[in-house]
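Geometric and topological summary
Each chain, written out:
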Amino acid sequence: MKKLMIFLLCFLLTGCAAPQAGGSESSGSSGSAPSGSVSSPQAGDASSQTPAPDASQEGSSSASEEPAGSSSPSGSSSSSSGTGSDPLPQNKDQIIQELVSAMSVEEKVGQMFFVRCPETDQAAKVSQYKLGGYILFGRDFKDKTAQQVRDEIASYQASSGIPMLIGTDEEGGTVVRASSNPNLFPSREPSPQVLYAQGGLDAILQDARQKSVTLLDLGVNVNFAPVADVSTDPADFIYERALGQDAQTTADYVAQVVTAMGQERIGSVLKHFPGYGNNQDTHTGVAVDERPYETFETSDFLPFQAGIQAGADAVLVSHNIVTSMDESLPASLSPAVHQILRDTLGFDGVILTDDLAMDAVAQYAQDGSAAVLAVQAGNDMVLTTDFETQIPQVIAAVEDGTIPMEQIDQSVARVLSWKYDLGLLGY
């Protein structure tokens, strides 16, 4: 194992040619650092900036919002969030495969959970559950200085063997987290609709870049944005969070925002696949979408396709039941919907659920195993508040063969590929 660690650190930190490791050992799950651990980056490396404004409503999203079949297990989307070609492209797949093969089942499953940051014992829970990421809400930023936020995130990273994805929902408008605090942003982030009305896509892109820089300075490396839903009716639940324009204009917006975020090297998440439409709020109950499949082909899919082609890192799947794709299961738990995203839209990056704590999925989980169903459906990462219950259930499902280890390895490789492309794995 010491040799393997030397090889991995050599790859990650210097890009030197590596000797072939003669097999990989599984590390035990005890201890705070996974066997394939790498050094965590320092939070707040990006150029510092004075933030400021606003009180956040925990808003219309619950734990994230607002999040396989690829040919390569490490399948990240084409350009991901890198800024051009990777510095070590010849080593990337080998680095990831070595890390995956050195991890225990507990470490692998932990990497598949992007969870709501708990109110207490945050660093200890990172270490205990080997978490892949924390998503931060208004309460995690409220009344804090920028340095306090940086220090807290740095403590989470220090407790993690593999650097964490640290995400938030900073869509602008009705869903903001960090910019609700005037100590962090100069003003509450405006919605895409407001910016579009003020200055078109140029105003949106300028804001996306500045917002990305500020979040990165705080230690946040993923923004759960842009919203790729097509909505032109103010009566729709999702309207205020969408661009509010037709499908082609929304597609252009999504592609350009994803590109701008990639240039700043912050992770992007397209949401809410396969398209929210005019459905009701899934935070409070089941939403059934009875629109024909052709509507998705000619409208709802277009922004997601544009974002994927622009290099979006991740796609978040909604809890809507889309009857033209699966009459019985929410999209987030539907293998059929995930197959469409992989095979029809050609996405090979990370697929995430919407928050599994939402009421829309509660009735579908047997014995509380919503995360097991989500992984079986094809999600690479699970967004949930209830990770302390859900993680052991997924581990048990892997150990009894309900979920194949090969599938787990593919998902973990995608997660690590995302982290690599964001520069979290040491280079």
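Scope of this entry: the structure provided in the associated data block.

What counts, and where the lines are drawn
Residues numbered from 1 in each chain as written. Predicted model: local features only at pLDDT ≥ 70, side-chain atom pairs only at ≥ 80, totals over all residues. Heavy atoms only, no water. Buried < 20%, exposed > 50% of the residue type's maximum accessible area, 1.4 Å probe, protein only. Helix = DSSP H or I, 4+ residues; strand = E, 2+ residues; numbered from the N terminus. Pairing = 2+ DSSP bridges. Axes fitted to C-alpha atoms, helices over the stretch in contact; angles between N-to-C directions. Parallel < 35°, antiparallel > 145°, perpendicular 65-115°, else oblique. Left-handed = near helix turned anticlockwise from the far one by under 90°. Contact = heavy atoms within 4.5 Å. Nonpolar A, V, L, I, M, F, W, Y, C, P; charged D, E, K, R; others polar. Salt bridge = Lys/Arg side-chain N within 4 Å of Asp/Glu carboxyl O.

Attention now moves to the pairing of strand β9 (residues 350–353). Side chains V350 and L352 of β9 all project onto a buried face; the interleaved residues I351 and T353 project onto the opposite face, where all are buried too. Inspection of the sheet shows strand β7 (residues 314–317) paired to β9 by 4 bridges, in the parallel sense. Looking across to β9, one finds that A314 is bridged to V350.

Direction vectors running N to C along helix α12 (residues 370–377) and helix α13 (residues 387–399) enclose 50 degrees, while the axes themselves pass 8 Å from each other. By the angle between their directions, the pair α12 and α13 is classed as oblique. When you trace α12 past α13, the crossing you get is right-handed. For the pair formed by α12 and α13, the contact residues are A370, A371, V372 and V375 on the first element and Q390, Q393, V394 and A397 on the second. Its residues assigned to classes, the contact of α12 with α13 shows 6 nonpolar, 2 polar and no charged.

This paragraph deals with the pattern of salt bridges. Following the criterion strictly, the structure yields 16 salt bridges and no others. Among the ionic pairs, K108 bridges to D409, the shortest N-O distance being 2.8 Å. Residue K108 is located in helix α3 (residues 105–111), and its partner D409 is located in helix α14 (residues 405–421); the two are separated by 301 residues in the primary sequence. K108 sits in the buried class, given a relative accessible area of 8%. With a relative accessible area of 24%, D409 lands in the partly exposed category. Note that D380 is salt-bridged to R414, the shortest N-O span being 2.9 Å. Of this pair, D380 sits in the loop between α12 and β10 (382–384) while R414 is found in helix α14, placing the two residues 34 residues apart along the sequence. Each member of the pair, D380 as well as R414, carries the same accessibility label: buried. Each of D169, E171, R177, R241 and K271 takes part in a single network of salt bridges with overlapping partners.

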